[in-house]
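Structural features, examined
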Amino acid sequence: MMREFEAKDGIMQIGGVSTVDIAEEFGTPVYVTDEQRLRENYRNIYGAFSRFMDTRIHYACKANTNLAILRVLEQEGSGIDAVSIGEVKTCLKAGFSPDRIMYTGVNVSDRELKEVTDLGVMVNLDSVCEMERLASIAPGVDVSFRITPGVGSGHSAKVTTGNKGAKFGIPLDQVISTYARAKDLGFNVKGIHAHIGSGGQVVEPFMDMMEVLIELVNEIKNLGIDLEFIDMGGGIGVPYRPQEEEMDVGELAMNLTDMIQEETDVKTIVLEPGRYIICDTTILLTRVNDVKDAGVKKYVGVDAGFNTLIRPAMYDSYHHVALANRFGKACTDKYDVVGPICESGDYIAHDRVLPDPQVGDLVAVYDAGAYGFSMASRYNSRPLCAEVMVCDGKADLIREAETVEEQWTRQVIPERLRL
Ligand code: LLP
């Protein structure tokens, strides 16, 4: 079920801190992350799999790359799934050693491949072409391959990745020849990887994908290559709605590890959860600036728009909302919660019952930790907002809000146009 929060004197609390105090101290909009919950989520997913076999969690940091958040996961013992040199460097900065990071790029340059391998980070190859390029850039390094399993799953077609014909991975009918070629090229081939998509809520597609991977592992063994790990990618969904069931990760772990242990000699399972680890650790606090009765609809105008949280606008994603300063009060009517961006597509939530929102109220947007800040933009010249971490009743700033002036610092006006 969706995470619930406590109230104290009618005010929503997170990590033992009042949301009203956080908004007052740090301003809005602001992302607020609960450190304890982050640790718990990591331990849950690691525990679910490591009960059965050797497990490595590679947190998919594309979901959230705040350095303080990365520090917590580094302390917990997590590894990293990185997709760009920027993510790799950010994770090194956060204290991850290169051997705990795996790089799974798609359509990346020779220059980036060189930088990544020079830093000692292992590459998970996405195409035959990329393999041939890497062979001349960093011969003999450790590699694995992302394959296209022909199984897709996800909360939206935009994030379903594993289906046949997808942009990602080695097409199934080329996998064996690719592993053979990698061996000939002198690579040290360590593993096999697939990712079916993001936000899937059922166990079956993961099992279907695992079947495909297992068959390949055994065919690859016939080439004289003993793989060390199977990487099942990420994609474990979380409940965004109040009564929504959550995926049973215990069952998922048992089924997948059973299959691997019964049918292969592979000793290690790797998984790359992003959303599962970070999503419900974080709320977005946003202030009501305006209320409007448009006849057919009532609007609550808040200071966070799709520049702050793009998921509703981009995927029609549902994020639960509540009035944080009158938490749990009886609801009066239905409202659309909308932002300050000058597009009709700018919304946070549609048709939600709320307790008569007023200017100055505080709206909490739930489950904003995954793909929230990391997808934020400066559209409409609105600066990126602040991030705060709460723990044991204390709130720390983990990212200052940007200023408008900072948006100009890299721009250059040619001499002839200067004031
Ligand atoms: N591994 C690979 C190779 C991936 O491409 C992804 C996500 C993950 C792991 C982590 O997936 P997760 O466990 O977080 O579902 N912006 C979208 C999600 C895009 C996911 C892209 N790849 C959203 O807001 O829903």
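Above this text is the structure in question.
We now turn to the structure provided with this report. (Residues numbered from 1 in each chain as written. Predicted model: local features only at pLDDT ≥ 70, side-chain atom pairs only at ≥ 80, totals over all residues. Heavy atoms only, no water.)

1. Re the overall build of the protein chain
- If you tally the helices and strands in the protein chain, you get 11 helices and 20 strands.
- In terms of overall dimensions, the protein chain is globule-like: its C-alpha atoms have a radius of gyration of 23 Å, near the 22 Å expected for 419 residues.
- Projected onto the principal axes, the alpha-carbon positions of the protein chain cover approximately 70 × 65 × 40 Å.
- Taking all 419 residues of the protein chain together, 53% fall into the buried category.
- The long-range share in the protein chain, meaning contacts at least 24 apart out of those at least 6 apart in sequence, stands at 70%.
- Total accessible area on the protein chain stands at roughly 18400 Å², and carbon and sulfur atoms take up 48% of it. (Helix = DSSP H or I, 4+ residues; strand = E, 2+ residues; numbered from the N terminus. Rg over C-alpha atoms; globule rule 2.2 N^0.38 Å. Buried < 20%, exposed > 50% of the residue type's maximum accessible area, 1.4 Å probe, protein only. Contact = heavy atoms within 4.5 Å. Areas by Shrake-Rupley, 256 points an atom, 1.4 Å probe, with all protein chains shown as cover.)

2. Here we look at the pattern of salt bridges
- Tallying each qualifying case throughout the model produces 23 salt bridges.
- Where Asp34 meets Arg3, a salt bridge forms, and the shortest distance between an N and an O atom there is 2.6 Å. Of this pair, Asp34 sits in strand β4 (residues 30–34) while Arg3 is found in the segment before β1 (7–8), placing the two residues 31 residues apart along the sequence. Each of the two residues, Asp34 as well as Arg3, counts as buried.
- Between Arg43 and Glu76 there is a salt bridge, with the nearest N and O atoms lying 2.7 Å from each other. Taken as a pair, Arg43 in helix α2 (residues 35–50) and Glu76 in helix α3 (residues 67–76) lie far apart in primary sequence, 33 residues in all.
- Look at Glu76 and you get buried, because its relative accessible area is 16%.
- A cluster of three or more residues bridged by salt bridges with shared partners is formed by Glu35, Arg39, Arg43 and Glu76. (Salt bridge = Lys/Arg side-chain N within 4 Å of Asp/Glu carboxyl O.)

3. What about the pairing of strand β6 (residues 79–82)?
- Taking every second residue as pointing to the same face, both faces of β6 are buried, with Gly79 and Asp81 on one and Ile80 and Ala82 on the other.
- One ladder, built from 3 bridges, connects strand β5 (residues 54–60) with β6; its direction is parallel. Paired with Tyr59 across the two strands is Ile80, which belongs to β6.
- Between β5 and its parallel partner β6, the chain crosses via α3, and the hand of that crossover is right-handed.
- Sheet topology note: the β6/strand β7 (residues 101–103) ladder contains 3 bridges and is parallel. Of the residues in β7, the one forming a bridge with Ile80 is Ile101.
- Remark: the β6/helix α4 (residues 85–93)/β7 crossover connection has right-handed handedness. (Pairing = 2+ DSSP bridges. Right-handed = clockwise from strand over helix to strand, strands pointing away.)

4. So, the side chain of Thr264
- Tracing the sequence through the fold places Thr264 in the loop between α9 (249–263) and β12 (268–271).
- One polar contact links the side chain of Thr264 to the main-chain carbonyl oxygen of Ile260, over a distance of 2.8 Å.
- Within the local environment of Thr264, its side chain forms a polar contact with the backbone nitrogen of Val266, the two atoms lying 3.1 Å apart.
- Ignoring any residue separated from it by four or fewer positions in sequence, one finds Thr264 in contact with Ile214, Val217, Asn218 and Met259. (Polar contact = N/O pair within 3.5 Å; in protein donor to acceptor, adjacent residues only side chain to side chain.)

5. Some points on the pairing of strand β8 (residues 122–125)
- Here β8 shows a buried face lined by Met122 and Asn124 and a second buried face lined by Val123 and Leu125.
- Here 2 bridges tie β7 to β8, and the two strands are oriented parallel to one another. Following the sheet pairing, Met102 is matched in β8 by Met122.
- The parallel pair β7 and β8, bridged by helix α5 (residues 110–118), forms a crossover whose chirality is right-handed.
- Bridge count for β8 against strand β9 (residues 142–146) is 3 bridges, and the pairing is parallel.

6. Observations regarding the environment of Cys279
- Mapped onto the elements of the fold, Cys279 is located in the loop between α10 (275–278) and β13 (282–293).
- Contact partners of Cys279, with chain neighbours within four places excluded, come to Val238, Tyr240, Asp367, Ala368, Gly369 and Ala370.

7. Brief notes about the site of the ligand
- Close to the ligand lie 20 residues; His155, Ser198, Glu272, Arg311 and Tyr371 are nearest.
- At 2.6 Å from an oxygen atom of the ligand is found a side-chain nitrogen or oxygen belonging to His155.
- Surface burial for the ligand is 92%, taken as the share of its 580 Å² of free accessible area covered by protein chains.
- Cavity membership is defined here by more than half of the atoms lying within 2 Å of grid points; on that basis the ligand lies in the largest pocket.
- Looking at the shell around the ligand, its residues break down into 6 nonpolar, 8 polar and 6 charged. (Near = heavy atom within 4 Å. 1 Å grid on protein atoms, 1.4 Å probe; cavity = no way out; pocket = protein on both sides within 12 Å on 5 of 7 lines; lining within 4 Å. Sits in = over half its atoms within 2 Å of the grid points. Nonpolar A, V, L, I, M, F, W, Y, C, P; charged D, E, K, R; others polar.)

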